[in-house]
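Inside the fold
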Amino acid sequence: MAKRKVDTENRGFQTRWESEYMFTKVAGKPVCLLCGESVAVLKEYNLRRHYETKHADKNKNMDMEQRLQKAEELKRGLKSRQALFKKAKSQGQAAVKASFILAEEIAKSARPFTEGDFIKNCMIKVCDEVCPEKRQLFLNVSLSRNTIAERVDQLSINLKEQLVKKGKDFIAYSLAVDESTDISDIAQLSIFIRGVDSSLSVTEEFLALRRMHGTTTGHDLYEEVSRCVNEMELPWEKLVGLTTDGAPAMCGHRSGLVAKIREKMQEENATGELTAYHCIIHQEALCGKALKMEHVMSIITRTVNFIRAKGLNHRQFKAFLTELETEHGDLPYHTEVRWLSQGKVLQRCFELREEICLFLDSKGKDTTQLRDEMFLCEMAFLCDITSHLNAINLQLQGRDRVISDMYSTVKAFKTKLTLWETQMRKENLSHFPSCQTMKEKLSTSAFPSPQLADKIGMLTTDFRRRFADFEAQKSRLELLGNPFAVDVESSPPNLQMELIDLQCNDALREKYAAVGAAEFARFLPGTMPQLRIQAAQTLSMFGSTYLCEQLFSLMNLNKTSHRSRLTAEHLHSILRISSAQSLTPNIDELVEKMGHHQVSPSTSNK
């Protein structure tokens, strides 16, 4: 005979048992109101036996009405205790959640972990003035150094788990890799990933920061990148592009990072070809050196350093400008690392050229070079062309930049260079305001337009040389930029039929006009799978290592001489939280996972 199952007998709790046996139902189980014990099986016999065995003597003189009153009192008391427990649990969870939120803010603001104690002291002082009755709630929020460090690590792990989960859906992804050194002269390898899923949604996130002990050869870099890809469980055959800073260790033909990754992809039988790019922003900055006008910049740098390097000279110069009531009150410094600073220094020096000469004269310094008309013309030209280079540099910076848009920006600038060269030869200085000013002030010699036009020609040639890699991918980039203008016949055979269907679809053409190139790819129908894959691969490509450079700035903000105790693991966690863009830590999930590890006064001070 089969054993009976209690669950199938539909036993229900009867209200009369509350007064007869002093039991109530809590979470599906009968619980004694007198002693708090629960009975495993919901049967009247079990409840009666419990009552008669343990409580019958205490309540034998009570009538039914008294029993009902006592049962109601006991139920109210039980509910009150349950509410208190729930409130305590809720307050504990709120305290844990608050510590996570504050830890995230501390990490994002590059503050030391010990800042948590300072914040808590401030919170307590505010609480004492505003709501002193809730002081204990604020005391329960643990913000000690160890707690903040632990919370930051947990937030970082949560973000990484989300990225790993998203990575499983990528149909194409690319990497951006750059290397720099921190304040301790330790080489740090920054790796970012840009992945595209089947819905053509783009995820651009920090992948890892690896410490490079010893050498930083192409093989060393490859080992770290390979380890990251494998840890993320990313398939090598879906790797589309690799963008680097162009260093030999990155781009060496035989033993560079790019060559090693291509070998790895061949070993993994990947069918796609890896597309390697030198950072567009790096290339653009390097093109500026093709002008070969270091002699102009060296004179300006030497002049600025004379004024700024010594405190007395600097104070006197600022006072001098104040007396003259000039528009600007000081000169900025120039540094090679900060490319944009050169344009600001040039512009300010050009605008204050007369005041600078007067000040240097008062100091007994020779100003012959600074007053030379040819030098002033070259300075004006360098000021204008650097301003144009800075403008394109700013256009290329930023997150979530689509490589086809970046290519279009560079392509437009090359066209502008051709126009400027032609206009310069005709002494048309419409786009060179500083040169126009100098031409109007020249006394004897003519403005050197032919020589400066040659400089623009040199810049144009260097742009074409440095961006030859992008020209090779022109058809691929234009396919994403404007698929309706692509020549079908010259396109790859596997795309031709779908391209014809696309270009003949008026509804899709209208959608393209409404949303633009970057968003349009998401509206490609499932009946065009080859176009969708092509779009995903192009969307996944990095045009620059801007994110890596930005991460190094964050690294230098966090890893300073005042934070010598910051470990590599904690630095990694801080940078993952600070650089997160499309992902946010799931704090509620983290609080839920902690479960029974609720914050209490006994644990908050550990």
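A quick note: this is a predicted structure, and the numbers were derived from the prediction, not measured. (Residues numbered from 1 in each chain as written. Predicted model: local features only at pLDDT ≥ 70, side-chain atom pairs only at ≥ 80, totals over all residues. Heavy atoms only, no water.)

Glancing now at the overall build of the chain. Helices and strands together make up the secondary structure of the chain, namely 29 helices and 7 strands. The long-range share in the chain, meaning contacts at least 24 apart out of those at least 6 apart in sequence, stands at 70%. For the chain, the exposed surface amounts to about 31,700 Å²; the carbon and sulfur share of it is 51%. (Helix = DSSP H or I, 4+ residues; strand = E, 2+ residues; numbered from the N terminus. Contact = heavy atoms within 4.5 Å. Areas by Shrake-Rupley, 256 points an atom, 1.4 Å probe, with all protein chains shown as cover.)

Turning our attention to the nonpolar core. If you look at the biggest cluster of nonpolar residues, it comprises 126 residues, and the most contacted ones within it are Leu175, Ile261, Ile300 and Phe381. Per element, the largest residue contribution to this core is 12 residues, and it comes from helix H16 (residues 373-396). Once you skip the residues sitting within four places of it in the chain, Leu175 turns out to touch Ile191, Phe192, Ile193, Leu207, Val225, Val229, Leu239, Gly241, Leu242, Thr243 and Phe542. Formed by 22 residues, the second largest nonpolar core is a distinct cluster that contains Tyr512, Ala521, Leu531 and Ala536. (Core = buried A, V, L, I, M, F, W, Y, C linked by side-chain atoms within 4.5 Å. Buried < 20%, exposed > 50% of the residue type's maximum accessible area, 1.4 Å probe, protein only.)

Turning our eyes to something else, we now look at the side chain of Ser156. In this fold, Ser156 is placed in helix H6 (residues 145-167). Ignoring anything within four residues of it in the chain, the contact list for Ser156 reads Ser573, Arg576 and Ile577.

Before going further, it helps to spend a moment on the packing of aromatic side chains. Scanning the model with the defined rule gives 9 aromatic pairs in all. Centre to centre, the rings of Phe192 and Phe206 are 5.6 Å apart; their planes meet at 65 degrees, and the pair counts as edge-to-face. Here the residue Phe192 occupies a position in strand S4 (residues 187-197), and Phe206 occupies one in strand S5 (residues 202-212), the gap between them amounting to 14 residues. Look at Phe413 and Trp420: their rings are 5.7 Å apart centre to centre, the planes differ by 85 degrees, and that puts the pair in the edge-to-face class. Of the two residues examined, Phe413 and Trp420, each falls in the buried class. Chaining the aromatic ring pairs together yields one cluster made of Phe381, Phe413, Trp420, Phe432, Phe463 and Phe467. Sitting over the face of the ring of Phe100, Arg151 holds its NZ or CZ atom 4.8 Å from the ring centroid. The ring of Phe523 carries the charged tip of Lys511 above its face, separated from the ring centre by 4.6 Å. (Phe/Tyr/Trp six-rings, centres within 6.5 Å; stacked < 30°, edge-to-face > 60°. Lys NZ or Arg CZ within 6 Å of the ring centre and 35° of its normal.)

Bringing the sheet that holds S5 into the picture now. Ordered in space as S5-S4-S3-S6-S7, the 5 strands form an open sheet in which the pairing is mixed. Edge positions in the sheet fall to S5 and strand S7 (275-278), since each of these pairs with one other strand and no more. Within this sheet the neighbouring strands show an average axis-to-axis angle of 20 degrees, counted without direction. In this sheet, S7 lies alongside strand S6 (residues 239-244) in parallel orientation, the contact comprising 4 bridges. (Pairing = 2+ DSSP bridges. Axes fitted to C-alpha atoms, helices over the stretch in contact; angles between N-to-C directions.)

A few words now on a positive patch on the surface. A surface patch of like charges, here positive, comprises Arg302, Lys310, Lys363 and Lys365. By the secondary structure assignment, Lys365 is in the loop between helix H14 (353-362) and helix H15 (368-371). (Patch = residues over 30% accessible without salt bridge, like charges linked within 9 Å, V, L, I, M, F, W, Y side chains within 5 Å. Salt bridge = Lys/Arg side-chain N within 4 Å of Asp/Glu carboxyl O. Lys, Arg positive; Asp, Glu negative; His and termini not counted. Charge placed at Lys NZ, Arg CZ, Asp CG, Glu CD.)

Attention now goes to unusual backbone geometry. With glycine set apart, most residues show a phi of negative sign, and most peptide bonds adopt trans. In this structure, Glu233 is a non-glycine residue whose phi angle is positive, near 60 degrees. Along the chain, Glu233 falls in the loop between helix H7 (218-231) and S6. The exposed category is assigned to Glu233, whose relative accessible area is 52%. Positive phi values are uncommon outside glycine, yet Glu427 reaches one of about 60 degrees. Secondary-structure assignment places Glu427 in the loop between helix H17 (403-425) and helix H18 (433-441).

Under the counting rule described, the total for this entry stands at 22 salt bridges. A salt bridge links Lys593 to Glu161; the shortest N-O distance between them is 3.9 Å. Of the two residues, Lys593 sits in helix H28 (residues 587-594) while Glu161 sits in helix H6, which places them 432 residues apart along the sequence. By relative accessible area, which is 54% here, Lys593 ends up exposed. On the basis of relative accessible area, Glu161 is assigned to the partly exposed category, the value being 41%. Residue Asp462 is joined to Arg466 by a salt bridge in which the shortest nitrogen-to-oxygen separation is 3.1 Å. Of this pair, Asp462 and Arg466 both sit in helix H19 (residues 449-466), 4 residues apart, which is roughly one turn of that helix.

For H14, the set of buried residues is Arg353, Glu355, Ile356, Cys357, Phe359 and Leu360. Immediately beyond the C-terminal end of H14, within one or two residues, lies Gly364, with a positive phi of roughly 75 degrees.

Next up on the list: the confidence of the model for the chain. When pLDDT drops low, the exact placement of atoms in the prediction is not to be read closely. When pLDDT is averaged across the chain, the result is 84; 88% of the residues are at 70 or more. Between residues 5-10, whose pLDDT stays under 50, and residues either more than four places distant or in other chains, the model counts 3 contacts. Throughout residues 334-339 the model reports pLDDT below 50, and contacts reaching past four residues in sequence, or to other chains, amount to 12 contacts. (pLDDT = per-residue confidence, 0-100.)

Turning our attention to the side chain of His388. With respect to the helices and strands, His388 occurs in helix H16. Only 2.8 Å separates the side chain of His388 from the backbone oxygen of His431, close enough to count as a polar contact. (Polar contact = N/O pair within 3.5 Å; in protein donor to acceptor, adjacent residues only side chain to side chain.)

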